Amino acid sequence: MYVEQTILSVTLDNIPQFSEHSVNTARVQTKSRAMLHVEGGWPKEVDYSEAQDTLKWRKRLEKDPAFVGTVKQLTKSTVLCLEQNNTIDLFEHYFQGEEPEHLPENLTMRTIALFKDPADEKRSVTKIGWHPEGPTKIVGSYSNLRFQRMTDEMPMASFIWDVHERNAPLTELRTSSPLVACQYNHKNVDCLLGGCYNGILNFYDLRKGPTPVSKSAVEVSHYDPVYDVVWLQSKTGTECASASSDGRLLFWDVRKMTETVDECVLTDGGRDEAKTLGGCSLEWMQDAGPTKYLVGTEHGIILSCNKRPKKQVEVGAWFGSEERGGYGKHFGPVCAVKRNPFHPKFFLTVGDWCAKMWMEELKGPMLQTPYYPSFLSAASWSPTRAGVFFLCRQDGRMEVWDYFYRMNEVSLSQKVSDCALTSLSVQVQGSLAAVGDTEGVITLMQLCDGLVHPGSNEKNLIGQMFDRETKREKNLESIKKQVGQVKERTDKDPRTVTIDQAEYQAREKNFFADVGMTGDDLGTTLGGVRAAG
């Protein structure tokens, strides 16, 4: 026996019920009408239309003894308001016509294009160069810099890309060895200079095809990969320089690549025995001086080389070298060294987990960013804003620092790629940035207006900030030197050291007044000096 169950259908949902309702409001018509003003407040026995009657009434009222007292009583509160109005103008526009120096805003950047290496085997984008005449073309250098990871089947060619055509490269640069660095000639945009993995330099003229027009002779070329190349400003526009990890800075004229114009051996400046340092990055800027070259080395030290006419090129300064009295060197190879385009005597470097800012007259860094969890691989200043610079990390993130707004933290951090970033180049107009990674992809980033347009008086304010930090570092170096001299004399003969307490306090007061510190910070400052020593 069984009982058949009644079948029930139930529909359940959790969608809220909405209703649609429209209302037509009543139309209101407005019009202008004249208004008749009638003077009132007169007694009944006074005809206000007669001037003589009103005049008699006013004179009689003014002679009344109570009238004067009433007026004085009423004007007490009025006088207070008048005095306030005379003191403070409530309707004055204090900042009318003035623009704020800098307002915080939400900085952004977005990806607008991806240029993928057409090769099947993965290669890193080691260097990126922009076309000098505008944001139309970019040249990417593709290579594998990992030791003994380059296979025989790996393609050798590098490519020139059209910004508006992302599917296929515009031109292929053929070479017998992969290009590690390649840059456009700023005077003749059809010419390019490429540094190869085998140490040879290729000179391209796109009017004659994708193959090199000339190559440097093997016997005078570098022995290691050419990590960076720069075009120099000259009358002919044919002079250039190259840096390599073989420890040499070579100068060339592309009209005769069979020999070098000049050569500089990169040494550490040791007093006993000089050691050769491999070059990883090269910077030259006309505004900083046509004879000055900055070279980042594999040992974390930055070298300043001078090339004077009819004289041998020599290393003039070692930034961060402890053997030369410096401090603050990087813990890894200096991947990038970039001068500030508005204040060329200040330059930025990356070579480990932080970026450091240097000044030509200081032996150590004057500013540095906090340490990142990932290694930094590239850096660049903004060509349009004096206080903005960009950093690339090996975890695929890109950092933007805006010193005009704040110096204690990063202004913008954005994930660009899932793999490590290797190269960075910002277009001269400042609105586009090209970022390369280890998978052979060049990511084109569009920067917001806040990162492109400079603030009011930004160049001068950033220059004042740099000068202030330079003065502070010089004062600290002076204190460190004095402490070292006192310690040296004390070690020789403790009885010969006598310090006048009044003179010491006067020097201490003047020092802290110069650097903008208080006397309570003395222990912290001397502690930092001892740590630096």
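Keep in mind the model is a prediction, meaning the values are calculated, not measured.

### So, the overall build of the protein
Scanning the protein for helices and strands turns up five helices and 28 strands. Looking at the protein residue by residue over its 533 residues, the buried ones come to 43%. Considering only residue pairs separated by 6 or more positions, the protein has 50% of its internal contacts joining residues 24 or more positions apart. Of the roughly 31,900 Å² that the protein leaves accessible, carbon and sulfur atoms contribute 50%.

### Here we look at the pattern of salt bridges
It is possible for side chains of opposite charge to pair when their charged atoms get near one another. With the rule as written, the count across this model stands at 20 salt bridges. Here Arg339 makes a salt bridge to Glu360, at a shortest N to O gap of 2.6 Å. In this pair, Arg339 is assigned in strand β18 (residues 336-339) and Glu360 in the loop between β20 (355-359) and β21 (367-368), connecting sequence segments 21 residues apart. We classify Arg339 as buried; its relative accessible area is 2%. Classification of Glu360 as partly exposed rests on a relative accessible area of 25%. We note a salt bridge from Arg406 to Glu409, for which the minimum N-O separation is 3.7 Å.

### Side note on helix α2 (residues 65-87)
Taking 1.5 Å per residue as the helical rise, α2 with its 23 residues ought to reach 33 Å, and the 34 Å between its terminal C-alpha atoms agrees with that figure. When the local axis directions of α2 are compared, the greatest deviation, roughly 35°, occurs at Lys76.

### Structural notes on the sheet that holds strand β13 (residues 262-265)
Read across the open sheet, the four strands follow the order β10-β11-β12-β13; overall the sheet is antiparallel. On the outer flanks of this sheet lie β10 (226-231) and β13, each paired with one strand and no other. Averaged over all adjacent pairs, the angle separating strand axes in this sheet is 15°, with direction ignored. In the sheet, strand β12 (residues 248-253) pairs with β13 via four bridges, with the strands oriented antiparallel. Across the sheet, the residue bridging to Leu250 is Glu263, located in β13.

### Some points on the sheet that holds β21
The strands making up a sheet are joined through hydrogen bonds of the backbone, oriented either antiparallel or parallel. Strand order across the open sheet formed by four strands is β18-β19-β20-β21, with antiparallel pairing between neighbours. Whereas interior strands pair on both sides, the edge strands pair on one side only; in this sheet they are β18 and β21. In this structure, strand β19 (residues 346-350) lies alongside β20, joined through five bridges in antiparallel fashion. Bridging across to β20, Val350 finds its partner in Ala355.

### A short note on the confidence of the model for the protein
Chain-level pLDDT for the protein is 84 on average; 89% of the residues reach the 70-or-more range. Across residues 521-533, confidence stays below pLDDT 50; counting only partners more than four residues off in sequence or on other chains, it has 15 contacts.

### Re the packing of aromatic side chains
Counting across every chain of the model gives 16 aromatic pairs. Relative to Trp57, the ring of Trp42 has its centre 5.6 Å away and its plane inclined at 70°; by these criteria the two rings are edge-to-face. With a gap of 15 residues between them, Trp42 in the segment before α1 (51-62) and Trp57 in helix α1 connect regions that are remote in the sequence. Given a relative accessible area of 21%, Trp57 falls into the partly exposed group.

### Examining the side chain of Gln427
Along the polypeptide, Gln427 turns up in the loop between β26 (421-426) and β27 (432-437). Overall, the relative accessible area of 0% leaves Gln427 in the buried class. For Gln427, the contacting residues outside a window of four places in its chain are Trp130, Gly134, Pro135, Pro383 and Leu432.

### Here we look at the nonpolar core
One finds Leu348, Met357, Met366, Phe389, Leu391, Tyr403 and Phe466 to be the most contacted residues of the largest nonpolar core, which totals 23 residues. Mapped onto this core, the elements with two or more residues apiece are β19, β20, β22 (376-381), β23 (388-393) and α3 (458-492). Counting residues in hydrophobic clusters, the runner-up holds 20 residues, among them Ala378, Val388, Phe390 and Met398.

### Focus on the state of the cysteines
Applying the stated criterion to the full structure yields zero disulfides. Cys305 supplies the cysteine sulfur nearest to Cys264, a cysteine that is in no disulfide, at a spacing of 4.0 Å. On the basis of relative accessible area, Cys264 is assigned to the buried category, the value being 2%.

About the cut-offs
- Residues numbered from 1 in each chain as written.
- Predicted model: local features only at pLDDT ≥ 70, side-chain atom pairs only at ≥ 80, totals over all residues.
- Heavy atoms only, no water.
- Helix = DSSP H or I, 4+ residues; strand = E, 2+ residues; numbered from the N terminus.
- Buried < 20%, exposed > 50% of the residue type's maximum accessible area, 1.4 Å probe, protein only.
- Contact = heavy atoms within 4.5 Å.
- Areas by Shrake-Rupley, 256 points an atom, 1.4 Å probe, with all protein chains shown as cover.
- Salt bridge = Lys/Arg side-chain N within 4 Å of Asp/Glu carboxyl O.
- Expected span 1.5 Å × (residues − 1).
- Bend = angle between axes of the 7 residues up to and from the residue.
- Pairing = 2+ DSSP bridges.
- Axes fitted to C-alpha atoms, helices over the stretch in contact; angles between N-to-C directions.
- pLDDT = per-residue confidence, 0-100.
- Phe/Tyr/Trp six-rings, centres within 6.5 Å; stacked < 30°, edge-to-face > 60°.
- Core = buried A, V, L, I, M, F, W, Y, C linked by side-chain atoms within 4.5 Å.
- Disulfide = S-S within 2.5 Å.

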